[in-house]
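Close look at the chain arrangement
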Amino acid sequence: MNLELICQKTCQLTVEVGQFLKAELGKVKRQDIEHKQLNHLVSYVDKSAEQQLIDGLSAFLPEAAFLAEEETVAYEKKDWQWIIDPLDGTTNFLHQLPFFAISIALQYQNETVLGVVHEVNNQETFYSWKGSDQAFLNQRAIRVSTTDSIAQSLLATGFPYYDFEQMDAYLQMIKPLMLGTRGLRRLGSAALDLAYVACGRFDGYFEYSLSPWDVAGGAFIVQQAGGVVSDFSGENNFIHGREIIAGTPLIHQHLLDSTLKYFK
């Protein structure tokens, strides 16, 4: 299996689907928006983009199954599996905030072997594949930052918008981080938060109440760029475990110490 070639084709596909997303920006009417659950929005744009991705990826790798956010294709258990989010940052998109992305991961027997995150508005494609010793942004090699102290770090997180069960722990954790870092950012796309960790724009990132398609591609890219990724317990259940920490080795450890303290 030529993963590098598949990665190149996947990147090109995300650029093409991204053009569709950008063309639809500002066109979605209120009556076109569905509420899957509290503050969890979807429109015809998400579904159409997902179908375009499925059609394209199926041509590259016909034997692969799909785990897709909008469930436009039935899930099957196979050795090869694509995990895709056609529009990570739907709420941003619907409010015409230019911060949203396409996120794709490919797994073989539950191991991620390829990741692509395409930021639509600035035409930035982050990617890597198993067998490469690095990650890339638009053909340029990227690495996580060299920040060597939490005080000098810039962090990203996500505010819960429907799952408030751990809100108290979350608020307790962010207070010392607000006081002891250069700042916290909540941009509204987990895939891009991870991509920005991979290229050194953010030093670390943490969030809970996530789905596999939010993080699978970006987490792999962070690891390929020299970063560390785990769940809130320091284990590897960050794709299906609904919680994630990512960052440089030093910043990851600091965030892990915090989640171990505040999240029980």
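Shown above is the structure to which this text applies.
Here the structure is a predicted model, which is why all the values come from computation and not from measurement.

So, about the environment of Cys-199. Mapped onto the elements of the fold, Cys-199 is located in the loop between α5 (190-198) and β12 (204-208). The class of Cys-199 is buried, set by a relative accessible area of 18%. If we ignore the near neighbours within four places in the chain, the residues touching Cys-199 are Phe-126, Ile-142 and Arg-143.

Direction vectors running N to C along helix α4 (residues 167-180) and helix α7 (residues 249-262) enclose 140°, while the axes themselves pass 9 Å from each other. On the basis of the axis angle, α4 is oblique to α7. Crossing of α4 over α7 shows right-handed handedness. The segment α4 lies against α7, with Ala-169, Gln-172, Met-173, Pro-176 and Leu-177 engaging His-254, Leu-255, Ser-258, Thr-259 and Tyr-262. Of the residues contributing to the contact of α4 with α7, the split by class is 6 nonpolar, 4 polar and no charged.

Evaluation of the coordinates by the stated rule reveals 12 aromatic pairs. Their ring planes at 45° and their centres at 6.1 Å tell us that Tyr-196 and Phe-202 sit as a pair that is tilted. For Phe-202, a relative accessible area of 5% puts it in the buried group. Members of the aromatic cluster, each reached through a chain of ring pairs, are Phe-159, Tyr-170, Phe-206, Tyr-208, Phe-232 and Phe-263. Here the guanidinium or amino end of Arg-201 rests over the ring plane of Tyr-196, the centre of that ring lying 4.8 Å away.

Procedures and definitions
Residues numbered from 1 in each chain as written. Predicted model: local features only at pLDDT ≥ 70, side-chain atom pairs only at ≥ 80, totals over all residues. Heavy atoms only, no water. Helix = DSSP H or I, 4+ residues; strand = E, 2+ residues; numbered from the N terminus. Buried < 20%, exposed > 50% of the residue type's maximum accessible area, 1.4 Å probe, protein only. Contact = heavy atoms within 4.5 Å. Axes fitted to C-alpha atoms, helices over the stretch in contact; angles between N-to-C directions. Parallel < 35°, antiparallel > 145°, perpendicular 65-115°, else oblique. Left-handed = near helix turned anticlockwise from the far one by under 90°. Nonpolar A, V, L, I, M, F, W, Y, C, P; charged D, E, K, R; others polar. Phe/Tyr/Trp six-rings, centres within 6.5 Å; stacked < 30°, edge-to-face > 60°. Lys NZ or Arg CZ within 6 Å of the ring centre and 35° of its normal.

The analysis is restricted to geometry; functional conclusions fall outside its scope.
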